[in-house]
Amino acid sequence: MKAYACTLLLSLPLLLCSCLKEEGVFKENGSQGIVELALSARNTSTPYATKSVMIEAEEAAVLPVTVNYTGVNGAPEDVQVTLAVYNAAIAALYPDSSVTALPDDLYELPAANVVAIPKGKKTATYAIKIKSNRFDLTKSYALGVKIAAASAGTISGNYSTGVYLLPVKSRWEGTYLVTYEWIQVGEFADLFSELTLTKTDVKLATVGPETLEAQGLGGMFGGYTRYTFYADGKVKVAASSGADLRVTVVSSQADTDDYTIFAVRYKIVLPAGDLELTETYRKIGD
């Protein structure tokens, strides 16, 4: 028994040592000076990290690419970091082609492809000009960027390459006054007969290419309602309210001259019966 206990005690430090030395998937080789892109955290199921940067529709919007030096005291010297566009990362991350690599003519790199992290500092920013006013608003664009070289420190194995998603802030985004007119239909006629509601401070937020989302459904229910706008002034509606429902647009019209008013009439199909709803949105603020 004593011999067995002795053997176990002698083995314990070795086991502990082995466990401590085992590296996790994101350990950076024990280095104290890691050069990396400032990106959202990723897990082992995704090949690259991403960052979503909402931009305005402009001739020269700016995509800031921030580079970090993770040493406790900052960079020990001026660290020259060479960056490069690497759109192969987009194809790897979105093999279904749901995201499109930004074409060469829609962005402009700085004159130098090097950004310097000053001595004692921990970050530097590389500014890429994005010609977002020329985007095809039916597509989701992104730009892949990688650290090609660094004059000091160790280039991160996990955050040296990233995909920058580039949603364009829709001209429809803002705060609205909304009128909801529920129309009597079938079994719901008694409940919704002549029911009109008005709400202020209803916010529409960009969630995709020319797609915006409002919280709630029809001013009465939870969930969300999404509106997709088209160049011809038509509007598509999708909704979710914790129930098995389908939405069919009856009519729609959006003012594409100043992007401040639109109206939709749609049918809500539920297992218990159908409803119809007319909504009129009038923008009152950003």
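Since the structure is predicted, the reported quantities are computational estimates derived from the model, not experimental observations. (Residues numbered from 1 in each chain as written. Predicted model: local features only at pLDDT ≥ 70, side-chain atom pairs only at ≥ 80, totals over all residues. Heavy atoms only, no water.)

**A few points about the packing of aromatic side chains**
Using the criterion set out here, one finds 11 aromatic pairs in the structure. Taken together, a centroid distance of 5.5 Å and an interplanar angle of 75° make the contact between Tyr176 and Tyr281 edge-to-face. Separated by 105 residues along the polypeptide, Tyr176 in strand E12 (residues 174-183) and Tyr281 in strand E19 (residues 273-285) bring together distant segments of the chain. Residues Phe229 and Phe262 carry aromatic rings whose centres are separated by 4.9 Å and whose planes lie at 90° to one another, so their mutual orientation is edge-to-face. A residue pair is termed long-range when its members are at least 10 positions apart, and Phe229 in strand E15 (residues 221-229) and Phe262 in strand E18 (residues 261-270) qualify at 33 residues. Under the relative-accessibility criterion, Phe262 is labelled buried at 1%. One aromatic cluster is present, built from ring pairs that chain together Trp172, Tyr176, Tyr227, Phe229, Tyr259, Phe262 and Tyr281. (Phe/Tyr/Trp six-rings, centres within 6.5 Å; stacked < 30°, edge-to-face > 60°. Helix = DSSP H or I, 4+ residues; strand = E, 2+ residues; numbered from the N terminus. Buried < 20%, exposed > 50% of the residue type's maximum accessible area, 1.4 Å probe, protein only.)

**Re the sheet that holds E12**
Pairing between the strands of a sheet comes from backbone hydrogen bonds, and it takes one of two forms, parallel or antiparallel. Taken in spatial order, the 8 strands of this open sheet run E16-E15-E14-E13-E12-E19-E18-E17, and their pairing is antiparallel. Pairing within the sheet leaves two strands with one partner each, and these edge strands are strand E16 (235-240) and strand E17 (246-254). Direction aside, neighbouring strands of the sheet carry axes that sit 30° apart on average. Where strand E13 (residues 195-208) and strand E14 (residues 211-217) come together, 3 bridges link them in antiparallel fashion. Within the sheet, the bridge partner assigned to Gly208 lies in E14 and is Thr211. (Pairing = 2+ DSSP bridges. Axes fitted to C-alpha atoms, helices over the stretch in contact; angles between N-to-C directions.)

Purely geometric numbers; function is a separate question.
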